[in-house]
Amino acid sequence: MLASIITIPNHPVSQKAASICVQSSETVGNHFKIYPHIATTPEDVDAKMKEYGLKWNYPWEGTVLDFSTGLKKSAYRTANQKARVACSVSHYTLWRSTASGSQAHLILEHDSKFIRKFDTSLTNRTKFLIYGINNPIGATRKAREFKELVSKSDKEVTHAPWIDEQSVPQGLAGNSAYIITPEGAKKMLKLVDELGLWPNDALICRQLVPQLGVTTKFYTTVQGTPSTTSD
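Rules used in this analysis
Residues numbered from 1 in each chain as written. Predicted model: local features only at pLDDT ≥ 70, side-chain atom pairs only at ≥ 80, totals over all residues. Heavy atoms only, no water. Helix = DSSP H or I, 4+ residues; strand = E, 2+ residues; numbered from the N terminus. Rg over C-alpha atoms; globule rule 2.2 N^0.38 Å. Buried < 20%, exposed > 50% of the residue type's maximum accessible area, 1.4 Å probe, protein only. Contact = heavy atoms within 4.5 Å. Areas by Shrake-Rupley, 256 points an atom, 1.4 Å probe, with all protein chains shown as cover. Lys, Arg positive; Asp, Glu negative; His and termini not counted. Charge placed at Lys NZ, Arg CZ, Asp CG, Glu CD. 1 Å grid on protein atoms, 1.4 Å probe; cavity = no way out; pocket = protein on both sides within 12 Å on 5 of 7 lines; lining within 4 Å. Points joined across faces, edges and corners; volume = space filled by probe spheres on them. Nonpolar A, V, L, I, M, F, W, Y, C, P; charged D, E, K, R; others polar. Core = buried A, V, L, I, M, F, W, Y, C linked by side-chain atoms within 4.5 Å. Pairing = 2+ DSSP bridges. Axes fitted to C-alpha atoms, helices over the stretch in contact; angles between N-to-C directions.

Peer 1: How do you make sense of the overall build of the chain when you look at a structure like this?
Peer 2: The secondary structure content of the chain amounts to six helices and eleven strands. For 231 residues, the compact-globule estimate of 2.2 N^0.38 gives 17 Å, and the C-alpha radius of gyration of the chain, at 16 Å, lies within 12% of that figure. Counting only C-alpha atoms and orienting by the principal axes, one finds that the chain spans roughly 40 × 40 × 35 Å. Looking at the chain as a whole, 52% of its 231 residues qualify as buried. Excluding contacts between residues fewer than 6 apart, the proportion of contacts in the chain whose partners are at least 24 apart in sequence is 79%. Surface summary for the chain: the accessible area is close to 11,000 Å², and the carbon and sulfur share equals 49%. A gap of 3 Å separates the mean positions of the 27 positive and 21 negative side-chain charges of the chain.

As structure tokens, this is what we get:
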């Protein structure tokens, strides 16, 4: 299994949070190495979008119905639009590298933190193409409902729960920590080709990725660092 942490260059908060995440992995006894992935920044996002041939296709205000999927795309609170796009491009870059390889990939954002040792053999025992390992509390809306629904399963990994009407994209408890397989990465690249680039946590949703799961034990939590996209 590969493991990468998205880290913003020359950004003290991101650098410190990423260091805490790596240290927490060592503290819980993980044996895999977490490699830094230099995040796409607002300054270079236009060039990256052009390099990859990407088009942003998500509203900055209000709610838009996506007729091809039947999903309601609601604008996120965003202080810097290019920072929001850059975050999605950072994830997209890692999907590209995963899709061209043969190993599952643990993708971490800098605000994640390990709370227990992760079993790297879990991917071999599950059917899910993508699955989250993050505690929902503090990481997503309707977090307690999300946690309660997941806790009812007796499996190691269960389907990401429905916590809203099915026209609303819903999936992981934030995208701070998730495993994506090569097949899952290929699926995400295909969706971007078909739908354009969305915020990564909206595009990775149950409606578009039926084999989307979450672990019933949570291996990470969020540190509570300031958002680099919303604030």
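Back to the write-up after that little detour.
Peer 1: Hey, could you run me through empty space enclosed by the protein in this one?
Peer 2: Taking a probe equal in size to a water molecule and rolling it over the atoms shows the remaining empty space. One pass over the structure, following the stated rule, counts one cavity of 30 Å³ or more. In this structure, the largest cavity spans a volume of roughly 40 Å³. Residues of the lining of the largest cavity, tallied by class, amount to six nonpolar, four polar and no charged.

Peer 1: Mind showing me how you'd approach the nonpolar core here?
Peer 2: In globular proteins that are soluble, nonpolar side chains generally tend to be buried together. Judged by nonpolar contacts, the single largest core of 45 residues is most densely connected at Trp95, Ile130, Met188, Leu203 and Leu208. Elements with a minimum of two residues in this core: α2 (45–52), α3 (81–99), α4 (143–151), β9 (177–180), α5 (182–195), α6 (200–203) and β10 (212–215). By residue number, the principal contributor to this core is α3, which donates seven residues. With sequence-adjacent residues up to four places away left out, Ile130 is seen in contact with Leu172, Tyr178, Ile179, Ile180, Gly184, Met188, Ile204, Val209, Gln211, Leu212 and Gly213.

Peer 1: What should I look at first to understand unusual backbone geometry in this one?
Peer 2: Negative phi values dominate among residues other than glycine, just as trans dominates among peptide bonds. Despite not being glycine, Asn10 has its phi angle at roughly 55°, a positive value. Mapped onto the elements of the fold, Asn10 is located in the loop between β1 (2–7) and α1 (12–28). Phi is positive for Lys142, which is not a glycine, with a value near 50°. For Lys142, the position within the fold is in the loop between β7 (130–132) and α4.

Peer 1: Can you walk me through the sheet that holds β7 in this structure?
Peer 2: In space, the seven strands of this open sheet follow the order β2-β1-β5-β9-β7-β10-β8, with mixed pairing throughout. Edge positions in the sheet fall to β2 (35–38) and β8 (157–159), since each has one partner strand and no second. Going from strand to strand, the sheet's axes swing by 30° on average, the running direction of each strand aside. The pairing of β7 with β9 spans three bridges and is antiparallel. Bridged to Gly132 within β9 is Tyr178. Helix-sheet contacts for α3 involve β1, β2, β5 (105–109) and β9, and the interaxial angle to β5 is about 165°.

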